[in-house]
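Spelled out, the chains give:
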Amino acid sequence: MRCSGWLLNEVRNLDLHNASNHVSNLTGVGGNSMIWPFGKKKEAGVKLVYKPEGFLEYQCKYGHTDIQPRKVGIVALVLDAQKEFGTSKPVTVKPDGTQQAVLRVASDDGGFIVNSQTAKPGGQPLVPGDIVVWLPWEYVEHPLMQQRDIDKRFGWVGFIMAKVKPEVDPSNPNLAIICKYD
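Computed from a predicted structure; not experimentally measured.

A.B. asks: What is the right way to look at helix α3 (residues 52–62) in this model?
C.D. replies: Side chains of residues three or four places apart in an α-helix project in the same direction, reflecting 3.6 residues per turn. Taken residue by residue, α3 has F55, L56, Q59 and C60 as its buried positions. One side of α3 holds all its buried residues, which, seen down the axis, span an arc of 145 degrees. In α3, the exposed positions that point more than 90 degrees away from the buried face belong to E53, K61 and Y62.

A.B. asks: Explain the packing of aromatic side chains here, please?
C.D. replies: Remark: the centre distance and the inter-plane angle together describe each pair of aromatic rings, the angle taken between the planes. By the definition in use, this model includes six aromatic pairs. Pairing Y50 with F55 gives two aromatic rings, centres 5.9 Å apart and planes at 55 degrees, and the pair type is tilted. Of the residues examined, F55 reaches a relative accessible area of 0% and is grouped as buried. Here Y139 and W156 contribute two aromatic rings whose centre-to-centre distance is 5.6 Å and whose plane-to-plane angle is 70 degrees, an arrangement assigned as edge-to-face. In this pair, Y139 sits in strand β6 (residues 131–139) while W156 sits in strand β7 (residues 156–164), placing the two residues 17 residues apart along the sequence. Of the residues examined, Y139 reaches a relative accessible area of 34% and is grouped as partly exposed.

A.B. asks: Explanation requested: unusual backbone geometry in the structure shown.
C.D. replies: What you tend to see is this: most non-glycine residues have negative phi, and most peptide bonds are trans. With a phi angle near 65 degrees, R70 is a residue other than glycine that sits in the positive phi range. As for its placement among the helices and strands, R70 is situated in the loop between α3 and β2 (74–79).

A.B. asks: What am I meant to see in the nonpolar core here?
C.D. replies: Formed by 29 residues in total, the largest nonpolar core has its most connected members in L103, V105 and W134. If one sorts the elements of this core by residue count, β2 sits on top with six residues. Among all residues touching L103, those that are not within four sequence positions of it are A76, L77, V78, L79, F112, I113, V114, S116, V132, W134 and I160.

Definitions and cut-offs
- Residues numbered from 1 in each chain as written.
- Predicted model: local features only at pLDDT ≥ 70, side-chain atom pairs only at ≥ 80, totals over all residues.
- Heavy atoms only, no water.
- Buried < 20%, exposed > 50% of the residue type's maximum accessible area, 1.4 Å probe, protein only.
- Helix = DSSP H or I, 4+ residues; strand = E, 2+ residues; numbered from the N terminus.
- Arc of directions from axis to C-beta.
- Phe/Tyr/Trp six-rings, centres within 6.5 Å; stacked < 30°, edge-to-face > 60°.
- Core = buried A, V, L, I, M, F, W, Y, C linked by side-chain atoms within 4.5 Å.
- Contact = heavy atoms within 4.5 Å.

Just distances and angles here, no functional claims.
What follows is the structure, given as structure tokens:
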């Protein structure tokens, strides 16, 4: 298709500087669209927020589950020790200020249970349903481990390093930390 001579002359005579200022005024500060429909729109941060049990399940399927002592933390769910083992409290605060909790640690087979404590005293109180990062430290053989029905991973000793939000941000691979215990 050929352009008419009139249209070609009009295009040549355009004041491009004024045109770009006009477009800037229509798109608003920072390029966010006000009335101009072709401005760049900044995508809102989409986060996938889970219930704690669902987040643990997600981590079991897609998160880090390999035990690497003293190197990499693994996501875990704080369980109610009172219901699980008949203790006096769901989470115990020890005299030194550290908190002791029963955790279900993410693994390829749906998780395993360990008894753990915070690395240092202080921080927010842990409650059943909290999502934490557990750092495996070392394996300790216990006489109970000789029983067939006991998961051998129960012998892992580790520390609760942080409480995190049960959410996934596709634009950020890091977990959202609520509180640190290290």
